[in-house]
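Report on the structure
Take a look at the letters that make up each chain.
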Amino acid sequence: MGRIQLKSVTKSFGDVQVIPPLDLTIEDGEFTVFVGPSGCGKSTLLRLIAGLEDITSGSIDIDGADATDVPPAKRGLAMVFQSYALYPHMTVRKNIAFPLRMAKLDQAEIDKRVEGAASVLNLTDYLDRRPGQLSGGQRQRVAIGRAIVREPAAFLFDEPLSNLDAALRVGMRLEISELHERLATTMIYVTHDQVEAMTMADKIVVLQAGVIEQVGSPLDLYRTPRNLFVAGFIGSPKMNFIEGEEAAKHGAHTIGIRPEHIAVSESQGDWSGVVSVSEHLGSDTFFHVHETGLAETITVRADGEVGFRHGDRIHLTPRADVIHKFDAKGLRIE
Amino acid sequence: MATQHSRSVARLMMAPAVVLLLGWMLVPLTMTLYFSFKKYLPLRGGDLGWVGFDNYIRFVSSSSFWPAVQATLTIVGGVLIITVILGVLLAMLLDQPMWGQGVVRILVIAPFFVMPTVSALVWKNMFMDPVNGLLAHLWRFFGAEPVSWLSEASMTSIIMIVSWQWLPFATLILLTAIQSLDSEQLEAAEMDGAPPLKRFFHIILPHLSRAITIVILIQTIFLLSIFAEIFVTTGGAFGTRTLTYLIFQRVLESQNVGLGSAGGVYAIILANIVAIFLMRIVGKNLDA
Ligand SMILES: Nc1ncnc2c1ncn2[C@@H]1O[C@H](COP(=O)(O)OP(=O)(O)OP(=O)(O)O)[C@@H](O)[C@H]1O
Ligand SMILES: [Mg+2]
């Protein structure tokens, strides 16, 4: 069980209001990801849920019971910190057992659960090492192990993968997703990496300056971003925005078209421009096109085999059915 | 680049310092050893020749030897316990955000800058004087009979004075150690269900163990040789005669340089035993 409900929660540090009134419901078993630019209040929101920070006003319900004034230890949540926050003087075994010892479980039960968590996370060979003798990914797994042995109502992750190298990150991402499938426990995951957000989430919460811009499934956000901010934030490379005459043709102040929804051709198309940079990723090629008369740069994603180079004049055709239209305030027009 | 040439130049440049340091250490050490095997009474006949291990035997068999060793260890142990415990508590207090933190920290460090002689005199005359001392006034205020600290509770008094001097040192080292503790570790422990006291014993104290080790090692080395505090307060009376003070009395009061030197050699041996002992216990902490 782990249904978390925030009701007009606010948070101020001194005079600065970091989180304006915010409502959010996280359903039991859901994998929710908070994304947003740096400093938008993702960590603060997570710490409010954890109870590590006091909320300034509003209330937090966990499983229908008011948890606003419940101390962190009693909320039944487990948190994985960005710095892992392992206890350096304890062995891996003791680290994982720590919450169980604090809960005064008997030794046989502690051993059983620690062994269980260690085998799930492939840590069995490292149980007697100290955190200082582990690699980053192994430390990460110990931190997760320490969280899962408590069988919490929900897991809170604060950018858990940001200290890992790219390859390990992909691996850990899968492991966390698998863990979620297996445990089916509520997870709240903070990241600023939108690939993590898109691949892992059941539900993404996009934040900007403490305000929720949109909540929805990854594909919802990708297909129907509610405003310019979400449109620009979700999707990689970023959506192209075009204003002025071209937008007016569609009856909008701004239109947005994703790089993968533009067809490239040598000879003909709606728009034309000059390739300034082409990035070959093997599977795909990204062209940054200038001199289109529409926007500073138009980014286009094409097949990896398409071989235009710097200075080539090319023609672009947007797919008409996936053009996003926004009004002068930046809100989506259907 | 450490070429052959530059290395020999370096050796040449370092030589004066090395020679000076060696002389600094070796000359007194050899002189102590030299005199310890002689009967040397400057005011009663001067150098009276070699006596073998006579001085050593006499120093140990004297009735004041074992009490002196005991007094030394009591003072060192007492001061260590007080400074480490109060140091940890003070360091945690000073680590809390509070108004006027900078000033308070400087005030806490202040006793360390007072010379031992001065601080002992201040304590003796201003606090512990049975007639005019502040403590006597305080006792009388509550209707109690003032304690004549230095004669009735002499050991406690000296431990108090020395602890007061060394508490800032312990606090300072422990404060820097506490500040290096990652606050996320404490938050993680909080979420793991550890109440404040458990957080202290499971997270903060282990984190401080290295700093405590350093405090204990350094203080022991200095505390074994405290002298001024005893000289200006009890003058070695009332059971406060430490090994250092006994040696001083043998050499200057009884004018027996040979006997004093033998005591000095014992002091060196004692200091080394304590050092090895401490290294054994706490050395593990430093490795980890
Ligand atoms: N203890 C604090 N006192 C004052 N301001 C704070 C405090 N903690 C956070 N803030 C402010 O609150 C805002 C949100 O911070 P938060 O750490 O939640 O950002 P974030 O979204 O997690 O960013 P990042 O992606 O960089 O981790 C920031 O503007 C920050 O300066
Ligand atoms: Mg953050």
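Residues numbered from 1 in each chain as written. Chains lettered and ligands numbered in written order. Predicted model: local features only at pLDDT ≥ 70, side-chain atom pairs only at ≥ 80, totals over all residues. Heavy atoms only, no water.

This next bit is on the sheet that holds strand β14 (residues 271-280) of chain A. Residues and elements named next belong to chain A. On the basis of which strands lie adjacent, the open sheet formed by five strands has the order β13-β17-β14-β15-β16 and antiparallel pairing. Among the strands making up the open sheet, the edge pair consists of β13 (262-265) and β16 (298-303). Averaged over neighbouring strand pairs, the angle between their axes works out to 45° when direction is ignored. Note: strand β15 (residues 284-290) against β16, six bridges, orientation antiparallel. Residue pairing across strands places F286 opposite R301, the latter belonging to β16. (Pairing = 2+ DSSP bridges. Helix = DSSP H or I, 4+ residues; strand = E, 2+ residues; numbered from the N terminus. Axes fitted to C-alpha atoms, helices over the stretch in contact; angles between N-to-C directions.)

On the side of chain A, 24 residues touch chain B, which itself brings 16 residues to the contact. Along the contact surface separating chain B from chain A lie three salt bridges. Among the ionic pairs, D192 of chain B bridges to R150 of chain A, the shortest N-O distance being 3.9 Å. There are seven residue pairs in polar contact (both at pLDDT 80 or more) connecting chain B and chain A. Of all the elements, helix α9 (residues 183-191) of chain B adds the most residues to the side of chain B that touches chain A, at seven residues. Residues of the side of chain B that touches chain A, tallied by class, amount to seven nonpolar, three polar and six charged. (Contact = heavy atoms within 4.5 Å. Salt bridge = Lys/Arg side-chain N within 4 Å of Asp/Glu carboxyl O. Polar contact = N/O pair within 3.5 Å; in protein donor to acceptor, adjacent residues only side chain to side chain. Nonpolar A, V, L, I, M, F, W, Y, C, P; charged D, E, K, R; others polar.)

Before going further, it helps to spend a moment on unusual backbone geometry. All names here are of chain A. Of note, the amide linkage connecting S236 to P237 takes the cis form, showing an omega dihedral of -5°. Here P237 shows up in the loop between α8 (228-233) and β11 (240-243). Even without being a glycine, S8 presents a positive backbone phi close to 30°. Structurally, S8 can be placed in strand β1 (residues 4-13).

With that out of the way, let us pick up helix α4 (residues 136-148) of chain A. Along its 13 residues, α4 of chain A runs 19 Å from first to last C-alpha, staying within 8% of the 18 Å computed at 1.5 Å per residue. Counted residue by residue, α4 of chain A has 11 buried out of 13 residues, so it is predominantly covered. Considered for burial, the residues of α4 of chain A that qualify are G137, Q138, Q140, R141, V142, A143, I144, G145, R146, A147 and I148 of chain A. Against the buried residues of α4 of chain A lie β6 (77-80), α2 (92-102), α3 (107-120), β7 (154-158) and α5 (166-183) of chain A together with α9 of chain B. (Expected span 1.5 Å × (residues − 1). Buried < 20%, exposed > 50% of the residue type's maximum accessible area, 1.4 Å probe, protein only.)

Attention now goes to the pattern of salt bridges. A side chain with one charge can pair with a side chain of the opposite charge if their charged atoms come near. One pass over the full model with this rule turns up 18 salt bridges over all chains. Linking E30 of chain A and K203 of chain A is a salt bridge whose minimum nitrogen-to-oxygen distance equals 3.2 Å. With E30 of chain A in the loop between β2 (16-26) and β3 (31-35) and K203 of chain A in strand β9 (residues 203-208), the pair connects residues that are 173 residues apart, well separated along the chain. A relative accessible area of 12% means that K203 of chain A is categorised as buried. For E115 of chain A, the salt bridge goes to R93 of chain A, with nearest N and O atoms at 3.1 Å. With E115 of chain A in helix α3 and R93 of chain A in helix α2, the pair connects residues that are 22 residues apart, well separated along the chain. On the basis of relative accessibility, which here comes to 36%, the residue E115 of chain A falls in the partly exposed class. By sharing partners, the salt bridges in this structure join K11, R47 and E53 of chain A together with E187 of chain B into a single network.

Before going further, it helps to spend a moment on the sheet that holds β6 of chain A. The strands making up a sheet are joined through hydrogen bonds of the backbone, oriented either antiparallel or parallel. All names here are of chain A. Read from one edge of the open sheet, six strands run β6-β7-β8-β3-β9-β10, paired in mixed fashion. Each of the sheet's edge strands pairs with one partner strand only, and the pair in question is β6 and β10 (211-216). For this sheet the average axis-to-axis angle between neighbouring strands, irrespective of direction, equals 15°. Note: β3 against strand β8 (residues 186-190), four bridges, orientation parallel. Paired with F31 across the bridge in β8 is M187. Across the sheet, α4 is in contact with β6 and β7; its angle to β6 comes to roughly 175°. Contacts from α5 reach β3, β7 and β8 within the one sheet, and its direction differs from that of β8 by about 160°.

With that settled, the discussion passes to the site of ligand 1. Residues and elements named next belong to chain A. The immediate surroundings of ligand 1 are formed by F13, V18, S38, G39, C40, G41, K42, S43, T44, E159 and H192. The contact in question runs from an oxygen atom of ligand 1 to an N or O atom on the backbone of C40, over 3.2 Å. Here the shell around ligand 1 gets three residues from one element, more than from any other, and that element is helix α1 (residues 42-50). Split into classes, the residues belonging to the shell around ligand 1 amount to three nonpolar, six polar and two charged. (Near = heavy atom within 4 Å.)

Residue and element names in this part refer to chain B. Together, M14, V18, L20, L22, W24, M25, L26, L29, L33 and I268 line one region of the surface with nonpolar side chains, adding up to about 990 Å² of accessible area. Counting residues per element, the nonpolar patch draws most heavily on helix α1 (residues 4-36), at nine residues. Within the fold, M14 resides in helix α1. (Patch = residues over 30% accessible without salt bridge, like charges linked within 9 Å, V, L, I, M, F, W, Y side chains within 5 Å. Areas by Shrake-Rupley, 256 points an atom, 1.4 Å probe, with all protein chains shown as cover.)

Reading fine detail from the predicted coordinates is not recommended where pLDDT is low. Per-residue confidence for chain B gives a mean pLDDT of 84; residues scoring 70 or more make up 97%. Among the scores for the predicted complex, ipTM is 0.81 and pTM is 0.79. (pLDDT = per-residue confidence, 0-100.)

A few words on the nonpolar core. As a rule of thumb, nonpolar side chains are buried together in soluble globular proteins. Ranked by size, the top nonpolar core spans 85 residues in total, and within it I4, L6 and F34 of chain A carry the most contacts. Among the elements that line this core, the one with the most residues is helix α3 (residues 65-95) of chain B, at 12 residues. With 43 residues, the next largest nonpolar core counts V114, I144, L161 and V230 of chain A among its residues. (Core = buried A, V, L, I, M, F, W, Y, C linked by side-chain atoms within 4.5 Å.)

Another aspect to go through is the pairing of strand β4 (residues 57-62) of chain A. All names here are of chain A. Here five bridges tie β1 to β4, and the two strands are oriented antiparallel to one another. When the bridges of β4 are listed, T10 appears paired with S57. Judged from the two bridges that link them, β4 and strand β5 (residues 65-66) form a sheet pairing that is antiparallel. What sits directly across from I62, in β5, is A65.

On to the packing of α4 of chain A against α5 of chain A, then. Residues and elements named next belong to chain A. At a minimum axis distance of 11 Å, the contact between α4 and α5 shows a crossing angle of 15°. Taken together, the axes of α4 and α5 lie roughly parallel to each other. Our pair here, α4 against α5, has a crossing hand that is right-handed. Note on element contacts: α5 touches α4 through L168, M172, E175, I176, L179 and L183, opposite G137, Q140, R141, I144 and I148. For the contact of α4 with α5, a count of residues per class yields seven nonpolar, two polar and two charged. (Parallel < 35°, antiparallel > 145°, perpendicular 65-115°, else oblique. Left-handed = near helix turned anticlockwise from the far one by under 90°.)

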